[in-house]
Amino acid sequence: MDETFNLIDKDIQAYCEQHTSDESEVLYQLYRETNLKTVHPRMLSCKNQGTFLQMVSRMVQPKRILELGTFTGYSTICLAEGLSKDGLIYTIEKDEEREPLIRKYLHLAGIESKTHLLFGRALDIIPHLQETWDLIFIDADKVNYLNYYKLLINHLSEDGMLLADNVLWSGKVVKEVKHNDKDTLALLEFNQYVQADATVKNMILPFRDGMMLVEKKK
Ligand SMILES: C[S@@+](CC[C@H](N)C(=O)[O-])C[C@H]1O[C@@H](n2cnc3c(N)ncnc32)[C@H](O)[C@@H]1O
């Protein structure tokens, strides 16, 4: 069972996982190898979150997806699930050491040719991508969530969806915040900004570490 970041009761979490479809063999092997070979496997999406991303992608049927924070590619493979025939996913990761593992599983998942894997700081790379995004998944450094949002929200398609992970930050957003807790302060600012943005419809889904869902107001 995934023990990371869960804000909900452990028994409820276990029950939810028992009643969520099994992940594919490729995703299962990627999960195992990430746990064996990386220092921070807790950053990985879990089966439930992966299934959620797959379902959102199938609903949106995106032509262009942007992911910030690839890690080992688990969420990349899930997000690509609903890509339209000529669709592409761009995923940005600052740590080049992850490349062999990511590429191995993009290949096994059969999506290598549809994936632009970009290494560097997301803030430096985003301005060079001249695309309109149907699906955006923000899952990189928390201190830049608001910067990412400001850079990207006007490039979200009319029927597109923006997702931002970890917006409840293990519940710290509703506790007293230390003045030097940059991540929590940044997430509070991000959540407040999105809530005040009159151009969008948004909600926080309180599962795992909290997921913000944003779409353009119609
Ligand atoms: C939580 S992990 C991503 C997990 C992945 N999306 C998944 O669900 O399996 C965050 C990743 O963002 C990367 N990252 C952190 N800061 C970044 C930045 N400024 N630009 C690009 N990637 C960054 C980290 O190296 C890490 O691999």
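Preceding this paragraph is the structure being described.
Residues numbered from 1 in each chain as written. Predicted model: local features only at pLDDT ≥ 70, side-chain atom pairs only at ≥ 80, totals over all residues.

(A) Fine view of the environment of Val214. Inspection of the secondary structure puts Val214 in strand 7 (residues 211–216). The exposure class of Val214 is buried, given the 22 C-beta atoms found within 10 Å. Separated by 188 residues in sequence, Val214 and Val26 place their C-alpha atoms 29 Å apart. Apart from residues no more than four positions distant in its own chain, Val214 is found in contact with Met161, Leu162, Val194, Val200 and Asn202. (Helix = DSSP H or I, 4+ residues; strand = E, 2+ residues; numbered from the N terminus. Buried ≥ 20, exposed ≤ 12 C-beta atoms within 10 Å, placed from the backbone. Contact = placed C-beta atoms within 7 Å.)

(B) Up close: helix 7 (residues 145–152). Inspection of helix 7 places Tyr145, Tyr148 and Tyr149 among the buried residues, and these make up the whole buried set. Angularly, the buried residues of helix 7 cover 100° about the axis, an arc narrow enough to put them on a single face. If you follow the buried residues of helix 7, they end up packed against strand 1 (64–68), helix 6 (122–125), strand 4 (133–138), strand 5 (156–165) and helix 8 (182–196). (Arc of directions from axis to C-beta.)

(C) Seen up close, the site of the ligand. Around the ligand lies a shell of 16 residues, among which Ser45, Gly69, Phe71, Ser75 and Asp141 are the nearest. Contributing elements (two or more residues each) for the shell around the ligand: helix 4 (74–79) and strand 2 (88–93). Counted by class, the shell around the ligand contains 7 nonpolar, 3 polar and 6 charged residues. (Near = placed C-beta within 6 Å. Nonpolar A, V, L, I, M, F, W, Y, C, P; charged D, E, K, R; others polar.)

(D) Region of the structure containing the sheet that holds strand 3 (residues 115–119). Strand order in the open sheet made by the 7 strands is 3-2-1-4-5-7-6, with mixed pairing throughout. Every other strand in the sheet has two partners, leaving strand 3 and strand 6 (200–205) as the edge strands with one partner each. Sheet twist, expressed as the mean angle between neighbouring strand axes with direction ignored, is 15°. Inspection of the sheet shows strand 6 paired to strand 7 by 6 bridges, in the antiparallel sense. What sits directly across from Leu205, in strand 7, is Met211. Where helix 7 meets the sheet, its contacts fall on strand 1, strand 4 and strand 5, and the angle it forms with strand 4 comes to roughly 175°. (Pairing = 2+ DSSP bridges. Axes fitted to C-alpha atoms, helices over the stretch in contact; angles between N-to-C directions.)

(E) Representation of helix 8 in the model. The end-to-end C-alpha separation of helix 8 is 21 Å, in line with the 21 Å expected for 15 residues at 1.5 Å each. Listed in full, the buried residues belonging to helix 8 are Leu187, Phe190, Asn191 and Val194. In a view along the axis of helix 8, the buried residues occupy a sector of 95°, so they form one face of it. In helix 8, the exposed residues that point more than 90 degrees away from the buried face are Lys182, Gln192 and Ala196. Against helix 7, strand 6 and strand 7 lie the buried residues of helix 8. (Expected span 1.5 Å × (residues − 1).)

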